[in-house]
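The primary structure of each chain is shown beneath.
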Amino acid sequence: MLLLLETPAGFALFSLKNDKLLKADADSIYDQFKTLSDAKRQVSLHAFSEFADTKAAMEAATELTEGVVGKSLKKFLKKNIVDKGLTDQLAVLDKALGTNVNKKLGIEISVLNDNVKELMRGIRMHMLDLIDGLSEQELRSCSLGLAHTLSRFKLKFSPDKVDVMIMQAVGLLDDLDKELNNFAMRLREWYGWHFPEMGKIVTDNLAYAKVVKLMGFKTKAKDSDLSTIGVPDEIAAEVKTAAETSMGTEITEEDLANIHSLSERVIELMEYRTSLSEYLKLRMTAVAPNLTYMVGELVGARLIAQAGSLMNLAKHPSSTVQILGAEKALFRALKTKKSTPKYGLIYHASIVGQSAPNLKGKISRVLAAKLSLSARVDALGDQTEPTLGREFKEYVEKRLATLEETGMRSLTKGINKPRQGKQEKKPEKSNVYNAEADAVEEAPVKKKKGKDEDVEEAPVEEEEAPRKKKKKRTASEAPQAEEEEADAPAEPKKKKKKRTMSAADEA
């Protein structure tokens, strides 16, 4: 069995003399390498290839970290194993490297286990004595040079190196916004004791700081030309008018000096924020053009900062991109078993902001799907123009228009639409006067009824009774119907008695 060992000085190939160590207990292998003589009885150096210079060592180390078989390693293995016709198994510590060696050179790779790891550990203990011509000082210098070169190479060619600049810039921009709000509020409160009316007239923080710096005391408002600092004439006239009737207190020169220094600091921070915003826009356009075209430089930079890098953002699925920045709300919803958030940082994108409230969740899902694809193109591609971003943004805008149309249809559902096509004319009504249509039914007049009238009413009721339609009766309903008929004539008789008695009383 052969063992491949990578060192800062070069590649070494050892042959295992005692094959029983592969089946022995892993803890007992260390005892077989306690001394140099014990180690020489277990293994022996088969071949050694020294790196020509630091550049070759750096290339080989970079390829080994990625699990790739480089030119130098391939040449070394082919010369000492394949060309010599050796059929022994090769033990490699890296599983990915062993798979690539087997594919390219056809060498049988041994299964990586604890015994192989302990064997490699024992060889490293006596590496300087097992490899001829390798001194300790030379090995240290090779290790130090390789470490420095590899670190500089990774820093120079790291795909995340520009992302760090973007993350720091957007973080500083957010911090500047917070500090500027605090400073501007403090300036308004401080100067407001002297000239409180100006706070409502000049609403912009930068313009307010410039006016305070130029004007100073409110008594100098008439002599100050506010047009030189970009204040409109209408606002300048209002400031001068309000200064004449101001209710503010008087301040000293020392107070005004401190207020001036604060206003200068606010102006400087505002100007620096503007330049930083331009720097961030240029960086984002160069690093992630498609992502910037979709959601803008601020939202894109915040997404990159939240993910950690552009490469990490490209690895995220669209569902994660959709709620990126709303992690607290997500875990709180999962804990309380409530509905999860529908959007995170992409809520601040213009296309989500202009959509209706009931469509924000749907359009956020569509936008997140396209943003994940744009991030992958920016991270892994070499495009400098946002060609894919334009197509995706048009698609999202069309999707939003479609959702708004379907929403309007659902709102108008159930409303009768006007009939399309020819309308049939209804038949015209005749102009002949119809007297029956204007007939008015007169209410029956109640009259006092005597004995004769009551007697005459009875046969009339008897005549009207048979006019009612009678339902067909079954055999079971026949006796019940006879009982009802027998009870029916009893009611009018009682009425007649009452009526006759009332007539007698009247007489």
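Calculation rules
- Residues numbered from 1 in each chain as written.
- Predicted model: local features only at pLDDT ≥ 70, side-chain atom pairs only at ≥ 80, totals over all residues.
- Heavy atoms only, no water.
- Helix = DSSP H or I, 4+ residues; strand = E, 2+ residues; numbered from the N terminus.
- Buried < 20%, exposed > 50% of the residue type's maximum accessible area, 1.4 Å probe, protein only.
- Contact = heavy atoms within 4.5 Å.
- Areas by Shrake-Rupley, 256 points an atom, 1.4 Å probe, with all protein chains shown as cover.
- Axes fitted to C-alpha atoms, helices over the stretch in contact; angles between N-to-C directions.
- Parallel < 35°, antiparallel > 145°, perpendicular 65-115°, else oblique.
- Nonpolar A, V, L, I, M, F, W, Y, C, P; charged D, E, K, R; others polar.
- Expected span 1.5 Å × (residues − 1).
- Pairing = 2+ DSSP bridges.

Asker: I'd love a proper account of the overall build of the chain, names of residues and values included.
Answerer: Regarding its fold elements, the chain presents 24 helices and 4 strands. Residues classed as buried in the chain amount to 33% of the 507 residues present. Partitioning the intrachain contacts of the chain with sequence separation of at least 6 by distance along the chain shows that 67% fall at a separation of at least 24. A total accessible area of about 34200 Å² is found for the chain, and carbon and sulfur atoms account for 52% of it.

Asker: So what about the environment of L388? Which residues, and what values?
Answerer: Position of L388 relative to the elements: it lies in helix α21 (residues 387-411). In this structure the C-alpha to C-alpha distance between L388 and L291, which are 97 residues apart in sequence, comes to 9.5 Å.

Asker: Can you lay out the packing of helix α13 (residues 253-287) against helix α15 (residues 297-307) for me, pointing to particular residues and giving the numbers?
Answerer: Where α13 contacts α15, the two axes come as close as 10 Å, and the packing angle between them is 70°. Classified by the angle their axes make, α13 and α15 are roughly perpendicular. Along the contact surface, α13 presents L280, K281 and M284, while α15 presents E297, L298, G300, A301 and I304. Taken together, the residues of the contact of α13 with α15 sort by class into 5 nonpolar, 1 polar and 2 charged.

Asker: An account of α13 is needed here, citing residue identities and associated values.
Answerer: Along its 35 residues, α13 runs 51 Å from first to last C-alpha, staying within 8% of the 51 Å computed at 1.5 Å per residue. Among the residues of α13, L256, I259, L262, S263, V266, I267, L269, M270, L276, L280, M284 and V287 are the ones counted as buried.

Asker: If you had to explain the sheet that holds strand β3 (residues 43-50) to someone new, which residues and values would you point to?
Answerer: With mixed pairing, the 4 strands of this open sheet are ordered in space as β3-β2-β1-β4. Because the sheet does not close on itself, it has two edges, and the strands there are β3 and β4 (90-91). Of the pairings in the sheet, the one linking strand β1 (residues 2-6) to strand β2 (residues 10-16) comprises 5 bridges and is antiparallel in character. Note that in β2 the partner of L5 across the bridge is A12.

Asker: Tell me about the environment of L206, and name the residues and values.
Answerer: Mapped onto the elements of the fold, L206 is located in helix α11 (residues 205-215). Separated by 65 residues in sequence, L206 and E271 have C-alpha atoms that sit 9.2 Å apart. Each residue touching L206, except ones within four places of it in the same chain, is listed here: I267 and M270.

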